[in-house]
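Letter by letter, the chains look like this.
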Amino acid sequence: HLSQIDPLTNTFNRRRISQSLEYFHQQDPHNPYAVVLLDLDHFKNINDQFGHHMGDTVLIAVSQKLGLHLRESDVVGRFGGEEFILILKQSSALKARQIAERCRAAIEDLVIQNEDGRAIRITASFGIALATDKLKPQQLLDQADKALYAAKASGRNQIKCYLEINPSEIKYSAACADTQHISPN
């Protein structure tokens, strides 16, 4: 159990997420799934302004919100730093977008008080990719990552689906420089 759970957020860790992706990939191709990567916008500012302990509090609160807005069959994990991953079982592009939007809105509505009573607000950007029998899990992650970059480059606090973005949105931009993702393309 401990080797598969992120100790801070109590969600799956990257190792367990990789195992889940392999499992879903090997299942019946007629049961599609979606991968959603989400990154907290300007998270470094929270750590810099309020301290890492408040950053940890934000990560815990976000993971709890994500868990409340997913179906029982879905998987949530911390992918690294301030980045989370959702694996949405039996999900079309429309269903994945609806779930991502519920999560995005819940994070945007989240208000955390620091020790001085100041409100800390957070938003997140989301990238969606849909599995096909031709895509290996790493390719699926790469597509979700590119969609996430497009959401960041387009102003943050929004959702982009890989299948709907145009190639000019995929390019790495200076606006995304404060994030750490799978590949800086």
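Further up the page is the structure itself.
Reference entry: report on the structure contained in this document. (Residues numbered from 1 in each chain as written. Predicted model: local features only at pLDDT ≥ 70, side-chain atom pairs only at ≥ 80, totals over all residues. Heavy atoms only, no water.)

**Section: the overall build of the protein chain**
Counted only if it meets this: The way it works is that DSSP assigns letters per residue, a run of H or I at least four long becomes a helix, a run of E at least two long becomes a strand, and they are numbered from the N terminus. Any residue under 20% of the maximum accessible area for its type is buried, any over 50% is exposed, and the rest in between are partly exposed; the area is computed with a 1.4 Å probe on protein chains only. Contacts between residues were defined by any pair of non-hydrogen atoms, one from each residue, lying within 4.5 Å. All accessible areas in this document rest on Shrake-Rupley with a 1.4 Å probe, and a residue is counted as covered only by the protein chains that are shown.
When helices and strands are tallied, the protein chain shows six helices and seven strands. Order of helices (α) and strands (β) in the protein chain, N terminus to C terminus: α-β-α-α-β-β-α-β-β-β-α-β-α. In the protein chain, buried positions account for 49% of the 185 residues. Summarising the internal contacts of the protein chain: among those between residues at least 6 apart in sequence, 64% fall at separations of at least 24. Surface exposure of the protein chain reaches about 9,200 Å², of which carbon and sulfur atoms provide 49%.

**A look at unusual backbone geometry**
Despite not being glycine, His-42 has its phi angle at roughly 55°, a positive value. Residue His-42 is classed as partly exposed on the basis of its relative accessible area, which comes to 39%. Here the phi dihedral of Gln-90 falls at roughly 45°; this positive angle occurs in a residue that is not glycine. Structurally, the position occupied by Gln-90 is in the loop between β3 (83-89) and α4 (93-109).

**Some details on the environment of Asp-28**
In this structure, Asp-28 sits in the loop between α1 (14-26) and β1 (33-40). Separated by 105 residues in the primary sequence, Asp-28 and Asp-133 have C-alpha atoms spaced 9.0 Å apart.

**Focus: the packing of aromatic side chains**
Cut-off, in case you're wondering: The aromatic pairing rule takes the rings of Phe, Tyr and Trp, using the six-membered ring of Trp, and pairs them if the centres are within 6.5 Å, calling planes under 30 degrees apart stacked, those over 60 edge-to-face and the rest tilted. Ring-over charges, as used throughout, are those where CZ of Arg or NZ of Lys falls within 6 Å of the ring centre and within 35 degrees of the ring normal.
Here the structure, examined in full by the defined rule, presents two aromatic pairs. A ring pair is formed by Tyr-23 and Phe-24, whose centres lie 5.9 Å apart and whose planes are at 65°; its orientation type is edge-to-face. An aromatic cluster of at least three residues, connected via ring pairs, comprises Tyr-23, Phe-24 and Tyr-33. The cationic tip of Arg-14 hangs over the ring face of Phe-79; the distance from NZ or CZ to the ring centre is 4.0 Å.

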